[in-house]
Structure formats: structure tokens, C-alpha cells
Amino acid sequence: AQLVESGGGLVQAGGSLRLSCAASGRTFSSIYMGWFRQAPGKEREFVASITSGGSTLTADSVKGRFTISRDNAKNTVYLQMNSLKPEDTAVYYCTASNYYWHDEAGRYEYWGQGTQVTVSS
């Protein structure tokens, strides 16, 4: 699968952004999708994931503020981010797997190029 993220940018604390990830190259509806993020000097961190049937996992650090969803007809997965904080500043990566949908980055097969999210205080 090829993954292309969009929707990043600069936002003030308390604001919202919606990231999109368009997938191509295989049957989108059957693969697991996820979002990770990486801040400067830090390891890549799990944010959220979603199964083909719509079951989700969300990291405790963003639970209640971020929501992952998917539209199989559009081959797209979304990350709605509300109540953003400066500590959410990072490059956000879309990821996909044929077999795995939890929080270990090394087990995902496909990655997008990343989109920068910057939250100012």
C-alpha cells in the first residue's frame, strides 16, 4: 500500500486539526490502519489505530481528544485532533498493516512520509 498524509499545519493551543491519509495499491478495506507521531529527539509514539471493521485503539495521552476513523469507499483514514496542546507537536505518520493493529511501530509494513503538526502556546 502507498500512503499519503495531509492536513498538518500550525494551530494554537486548544485548536483542532484533521489529518487525512489516502491509501492506494491494495484493497484498503481489509487492512489495519494507524497513526504514530514523532517529536524531535523522541521515539516514534503510537497514537491510534483502527481495524477494517472500525474497532479502535487510542493512546492514553490523546484519549478523549483525538479520534481515528476511516472511510473505506474513499480509501482514507482520518485523525481528528481536538483540544490540541503544545506537547502534541510532532511529525504525524500514517501506517498500515495486513496483520497487526496495536502499538508497536516495527510491526507495521507500510508508512507514509509524515505531516508536521505544530501547536503554539
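Please read all numbers here as calculations on a predicted model, not as lab measurements.

## Some remarks on the overall build of the chain
Within the chain, the regular secondary structure consists of zero helices and eleven strands. Along the chain, helices (α) and strands (β) appear in the sequence β-β-β-β-β-β-β-β-β-β-β when read from the amino end. Across the 121 residues in the chain, those meeting the buried criterion constitute 42%. For the chain, the proportion of contacts with a sequence separation of at least 24, taken over those separated by at least 6, is 58%. The averaged location of the 10 negative side-chain charges in the chain is 5 Å from the averaged location of its 11 positive side-chain charges.

## Focus: the pairing of strand E9 (residues 90–97)
In terms of burial, E9 is a largely internal element, seven of the eight residues being buried. Strand direction decides the pairing type here: strand E4 (residues 32–38) and E9, joined by seven bridges, are antiparallel. The residue of E9 that forms the bridge with Trp-35 is Cys-94. Examined bridge by bridge, E9 and strand E11 (residues 115–120) share three bridges and lie antiparallel to one another. Opposite Ala-90, over in E11, you have Val-117 as the bridge partner.

## Describing the pattern of salt bridges
With the rule as written, the count across this model stands at four salt bridges. One salt bridge connects Glu-45 with Arg-37, and the closest N-O pair in it is separated by 2.8 Å. We note a salt bridge from Arg-65 to Asp-88, for which the minimum N-O separation is 2.7 Å. With Arg-65 in the loop between strand E6 (56–58) and strand E7 (66–71) and Asp-88 in the loop between strand E8 (76–81) and E9, this pair connects stretches of sequence that are 23 residues apart.

## Re the packing of aromatic side chains
Tallied over the full model, the rule gives seven aromatic pairs. Centroid distance Tyr-100 to Tyr-108: 5.4 Å. Interplanar angle 80°. Geometry classified as edge-to-face. Judged by relative accessible area, which is 5%, Tyr-108 ranks as buried. On the numbers, 6.3 Å between centres and 70° between planes, the contact of Tyr-108 with Trp-111 is edge-to-face. Classification of Trp-111 by relative accessible area gives partly exposed; the value is 28%.

## Focus on the environment of Val-4
Residue placement: Val-4 occurs in strand E1 (residues 2–6). Residues in contact with Val-4, not counting those within four places in the same chain, are Ser-20, Cys-21, Ala-22 and Gln-113.

## As for the sheet that holds E7
Read from one edge of the open sheet, four strands run E1-E3-E8-E7, paired in antiparallel fashion. Since the sheet does not close on itself, it has two edges, and those belong to E1 and E7, each with one partner. Each strand of the sheet is rotated relative to its neighbour by a mean of 15°, with strand direction disregarded. Here strand E3 (residues 17–24) pairs with E8 via six bridges, running antiparallel. Bridge assignment links Leu-17 to a residue of E8, and that residue is Met-81.

## A short note on the nonpolar core
Ranked by size, the top nonpolar core spans 33 residues in total, and within it Met-33, Trp-35, Leu-79, Met-81 and Tyr-92 carry the most contacts. Elements supplying a minimum of two residues to this core: E3, E4, strand E5 (45–50), E7, E8, E9 and E11. Dropping the residues within four chain positions of it, Tyr-92 is found in contact with Glu-5, Leu-19, Trp-35, Phe-36, Arg-37, Val-47, Phe-66, Leu-79, Met-81, Gly-114, Thr-115 and Val-117.

Conventions we followed
Residues numbered from 1 in each chain as written. Predicted model: local features only at pLDDT ≥ 70, side-chain atom pairs only at ≥ 80, totals over all residues. Heavy atoms only, no water. Helix = DSSP H or I, 4+ residues; strand = E, 2+ residues; numbered from the N terminus. Buried < 20%, exposed > 50% of the residue type's maximum accessible area, 1.4 Å probe, protein only. Contact = heavy atoms within 4.5 Å. Lys, Arg positive; Asp, Glu negative; His and termini not counted. Charge placed at Lys NZ, Arg CZ, Asp CG, Glu CD. Pairing = 2+ DSSP bridges. Salt bridge = Lys/Arg side-chain N within 4 Å of Asp/Glu carboxyl O. Phe/Tyr/Trp six-rings, centres within 6.5 Å; stacked < 30°, edge-to-face > 60°. Axes fitted to C-alpha atoms, helices over the stretch in contact; angles between N-to-C directions. Core = buried A, V, L, I, M, F, W, Y, C linked by side-chain atoms within 4.5 Å.

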